Number of protein chains: 2
Amino acid sequence: MFKKFKIPEATVGRLTAYSRFLKEADEKGISTVSSQQIAKATGVTPAQVRKDLAYFGEFGTRGVGYNPRELYNYIMKILGLDRRWPVIIIGAGRLGAALAMYGGFAERGFDIVGIFDVDPAKIGNKIGDIEIRPLEELKEKVEELSIKLGIVAVPAASAQEVVDFMVESGIRGIINFAPVNVSVPEGVVLRRVDLASQLEYLTFHLGESR
Amino acid sequence: MFKKFKIPEATVGRLTAYSRFLKEADEKGISTVSSQQIAKATGVTPAQVRKDLAYFGEFGTRGVGYNPRELYNYIMKILGLDRRWPVIIIGAGRLGAALAMYGGFAERGFDIVGIFDVDPAKIGNKIGDIEIRPLEELKEKVEELSIKLGIVAVPAASAQEVVDFMVESGIRGIINFAPVNVSVPEGVVLRRVDLASQLEYLTFHLGESR
DNA sequence: GGCATTTTGTTAAAAAATTAACAAACTTGT
DNA sequence: ACAAGTTTGTTAATTTTTTAACAAAATGCC
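Parameters and conventions
Residues numbered from 1 in each chain as written. Chains lettered and ligands numbered in written order. Predicted model: local features only at pLDDT ≥ 70, side-chain atom pairs only at ≥ 80, totals over all residues. Heavy atoms only, no water. Pairing = 2+ DSSP bridges. Helix = DSSP H or I, 4+ residues; strand = E, 2+ residues; numbered from the N terminus. Least-squares fit on C-alpha atoms with pLDDT ≥ 70 in both. Contact = heavy atoms within 4.5 Å. Near = heavy atom within 4 Å. Polar contact = N/O pair within 3.5 Å; in protein donor to acceptor, adjacent residues only side chain to side chain. Nonpolar A, V, L, I, M, F, W, Y, C, P; charged D, E, K, R; others polar. Domains from an automatic or database assignment. Expected span 1.5 Å × (residues − 1). Buried < 20%, exposed > 50% of the residue type's maximum accessible area, 1.4 Å probe, protein only. Axes fitted to C-alpha atoms, helices over the stretch in contact; angles between N-to-C directions. Parallel < 35°, antiparallel > 145°, perpendicular 65-115°, else oblique. Salt bridge = Lys/Arg side-chain N within 4 Å of Asp/Glu carboxyl O. UniProt positions renumbered as here; feature names shortened; annotations may be inferred.

1. Brief notes about the sheet that holds strand S3 (residues 126-127) of chain A
All names here are of chain A.
Inference 1: Pairing is mixed across the open sheet formed by seven strands, whose spatial order is S3-S4-S2-S1-S5-S6-S7. Edge strands, defined here as strands with exactly one partner in the open sheet, are S3 and strand S7 (189-192).
Inference 2: For strand S6 (residues 173-176) and S7, the ladder comprises four bridges, and the chain directions are parallel. Paired with Gly173 across the two strands is Val189, which belongs to S7.

So this is what it looks like as structure tokens:
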């Protein structure tokens with residue numbers, strides 16, 4: 001995708017939201033939607049919607065609006081979702097297992113194709129229809145299926161080590177659920193999701209009135 | 001907490017990261033840390049660290065740095081974590097169950113005290129040592145334990161309905177894992193966590209080079 | 001005790017992101 | 001065919017956030 005300039009990080013998250021609304025609209029048979037409607041449904045301003053889209057091109061018709069299906073397809077392409085992506089999970093604990101079974105990934109084109117762990121007691125167990133395999137087999141699998149995406153659901157203490165190994169194995173995009181800062185080399189995209197921190201955001205704001 | 005002015009949203013997330021580093025440092029017996037050290041460990045700039053802290057007061061000593069334990073305590077207080085918080089989860093599917101068992105919450109002072117679902121088949125089942133209860137019992141529980149925080153792990157289609165009921169029951173801070181935009185009245189804090197969107201962030205950036 | 005060094009807290013500058021404003025382009029009705 | 005009404009795409013203004021700069025305060029060495 002030909003990004004002219006730098007795109008605000010938040011734009012990517014909003015594109016996701018737009019796309020979900022557009023899919024719904026299309027399924028309802030709606031033939032045009034305005035930036036106003038998209039904005040209302042996703043909780044942003046119409047100007048924001050148009051600005052976000054403007055980074056990537058012109059998708060609407062002045063005086064009319066956007067065609068939901070068409071714009072949906074464009075956004076999915078922008079997000080790199082015009083294909084399916086195989087994903088592996090490292091860490092077969094509760095969180096890893098839950099993520100492996102989470103239906104929301106497949107819905108958006110992400111297929112969990114492998115789960116790896118270092119605990120010998122877990123190897124061979126199945127989560128859904130995927131067998132937990134030892135971490136040593138990661139590279140083989142990554143190469144076999146050209147896997148680029150991985151999810152880290154291991155304890156904080158081993159996260160950096162695991163991430164290093166993933167990168168070495170060929171993974172290029174990583175979501176880290178361990179509550180610790182890890183570093184990756186140039187060319188690898190890392191995103192940290194701190195679940196407890198989300199609750200802390202709430203308590204901070206509830207505390208505002210104290 | 002006496003917030004003089006508006007605090008950047010990102011600051012809250014960074015405070016979480018700082019606090020984790022400070023706790024570690026304190027446990028290692030380190031008696032002073034600089035903004036530089038905090039910055040390096042959490043992946044931000046030293047100026048950012050000092051700016052974030054400046055919103056809330058003066059916690060360091062010029063020429064010296066910060067005392068890890070002391071600053072940790074301050075930050076925890078700022079985040080509202082100088083107490084424990086009871087939390088309920090709505091939705092006893094895989095994600096809800098995994099979140100209920102996730103150890104990372106308790107570590108930061110959040111106790112999952114209830115899980116609710118509408119599916120009669122699930123009522124009575126246990127997740128860990130918590131019994132799944134029908135949604136109708138939510139209000140009773142919330143009032144009994146003065147619960148303010150809730151996590152939504154239900155399908156997108158029922159998320160708004162569930163959130164409305166939570167608010168009605170007295171919940172004031174909500175994390176929504178359903179991939180849909182829901183609205184809450186004034187005075188209720190809502191945070192949406194879209195797991196698939198996190199992967200999409202990765203594919204977007206991997207796609208940059210296309 | 002004074003001077004060099006360190007590191008904070010704060011103010012100023014810069015950068016980034018959001019919001020607003022409006023001309024251009026399309027539709028519809030007469 | 002023209003006027004009135006929409007709605008986009010884009011430029012400009014505003015707001016927010018981050019980064020930089022530096023005086024103030026502390027330490028330690030000589």
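2. Quick look at the relation of the copies chain A and chain B
Inference 1: Expressed as a screw transformation, the operator carrying chain A onto chain B has a rotation angle of 180° and an axial translation of 0.0 Å, and the superposed copies differ by an RMSD of 0.0 Å. Here the two chains are linked by the operation of a two-fold rotation axis. The position closest to the rotation axis in chain A is occupied by the C-alpha of A:Ala98, lying 2.8 Å away.
Inference 2: Looking at chain A, 100% of its interface residues are interface residues in chain B too, so the copies touch through the same face.

3. Points about the protein's contact with DNA strand C
Inference 1: For DNA strand C, the set of nearby residues contains 27 residues, the closest of which are B:Ser35, B:Arg50, B:Gly60, B:Gly63 and B:Tyr66.
Inference 2: Sugar plus phosphate, as a fraction of atoms of DNA strand C within 4 Å of the protein: 68%.
Inference 3: For DNA strand C, a base nitrogen lies 3.4 Å from a polar atom in the side chain of A:Arg50.
Inference 4: A distance of 3.1 Å separates a sugar or linking oxygen of DNA strand C from a polar side-chain atom of B:Arg62.
Inference 5: Classifying every residue of the surface near DNA strand C gives eight nonpolar, ten polar and nine charged.

4. Examining the protein's contact with DNA strand D
Inference 1: Taken together, 27 residues sit near DNA strand D, with A:Ser35, A:Arg50, A:Gly60, A:Gly63 and A:Tyr66 positioned nearest.
Inference 2: For DNA strand D, the fraction of atoms within 4 Å of the protein that belong to sugar or phosphate moieties is 68%.
Inference 3: At 3.0 Å from a phosphate oxygen of DNA strand D is found a main-chain nitrogen or oxygen belonging to A:Phe59.
Inference 4: Elements supplying a minimum of two residues to the surface near DNA strand D: helix H3 (46-54) of chain A together with helix H1 (9-27) and helix H3 (46-54) of chain B.
Inference 5: The leading source of residues in the surface near DNA strand D is H3(B), at four residues.
Inference 6: Tallied by class, the residues present in the surface near DNA strand D amount to eight nonpolar, nine polar and ten charged.

5. Comments concerning the domain arrangement of chain A
Inference 1: Taken domain by domain, chain A comprises domain 1 (9-78) and domain 2 (85-198).
Inference 2: Between the C-alpha centres of domain 1 of chain A and domain 2 of chain A there is a distance of 31 Å.

6. Focus on helix H8 (residues 156-169) of chain B
Residue and element names in this part refer to chain B.
Inference 1: Look at H8: 20 Å from first C-alpha to last across 14 residues, which is about the 20 Å you get at 1.5 Å a residue.
Inference 2: Within H8, burial applies to Ala159, Val162, Val163, Met166, Val167 and Ser169.
Inference 3: Those residues of H8 that are buried lie in contact with strand S1 (85-90), helix H7 (138-145), strand S5 (149-152) and strand S6 (173-176).
Inference 4: The first or second residue beyond H8 is Gly170, which carries a positive phi of 115°.

7. Some details on the pairing of S6(A)
All names here are of chain A.
Inference 1: What you see with S6 is no split at all: Gly173 and Ile175 on one side and Ile174 and Asn176 on the other are buried throughout.
Inference 2: Examined bridge by bridge, strand S5 (residues 149-152) and S6 share four bridges and lie parallel to one another. In the sheet register, Ile151 faces S6, and the bridge partner there is Ile175.

8. Things to note about the packing of H1(B) against helix H2 (residues 35-42) of chain B
All names here are of chain B.
Inference 1: The interhelical angle for the contact between H1 and H2, taken along N-to-C directions, is 110°, at an axis separation of 10 Å. One way to sum up the angle between H1 and H2 is to call them roughly perpendicular. Along the contact surface, H1 presents Ala17, Tyr18, Phe21 and Leu22, while H2 presents Gln37, Ile38, Ala41 and Thr42.
Inference 2: For the contact of H1 with H2, the residue count by class is six nonpolar, two polar and no charged.

9. Thoughts on the side chain of B:Thr42
Inference 1: Along the chain, B:Thr42 falls in helix H2.
Inference 2: A polar side-chain atom of B:Thr42 sits 2.7 Å from the main-chain carbonyl oxygen of B:Ile38.
Inference 3: Look past the residues within four positions of B:Thr42 in its chain and what remains in contact with it is A:Asn181, B:Ala17, B:Tyr18 and B:Phe21.

10. Points about the interface of chain A and chain B
Inference 1: The interface of chain A with chain B comprises 61 residues on the first partner and 61 residues on the second.
Inference 2: Scanning the region where chain A abuts chain B turns up four salt bridges.
Inference 3: Ionic pairing is found between A:Arg108 and B:Glu200, a salt bridge with its closest N-O pair at 2.6 Å.
Inference 4: A per-element tally of the side of chain A that touches chain B places helix H9 (residues 195-207) of chain A first, with 13 residues.
Inference 5: Tallied by class, the residues present in the side of chain A that touches chain B amount to 33 nonpolar, 13 polar and 15 charged.

11. Section: the UniProt feature "binding site: NAD(+)" (unreviewed entry) in chain A
Residues and elements named next belong to chain A.
Inference 1: On the UniProt side, "binding site: NAD(+)" (unreviewed entry) is annotated at positions that read Gly91, Ala92, Gly93, Arg94, Leu95 and Gly96 here.
Inference 2: For Ala92, the position within the fold is in the loop between strand S1 (85-90) and helix H5 (94-101).
Inference 3: Apart from residues lying up to four places away in sequence, Ala92 is in contact with Ile115, Phe116, Asp117, Lys122, Ile127 and Ile132.
Inference 4: Mapped onto the elements of the fold, Arg94 is located in helix H5.

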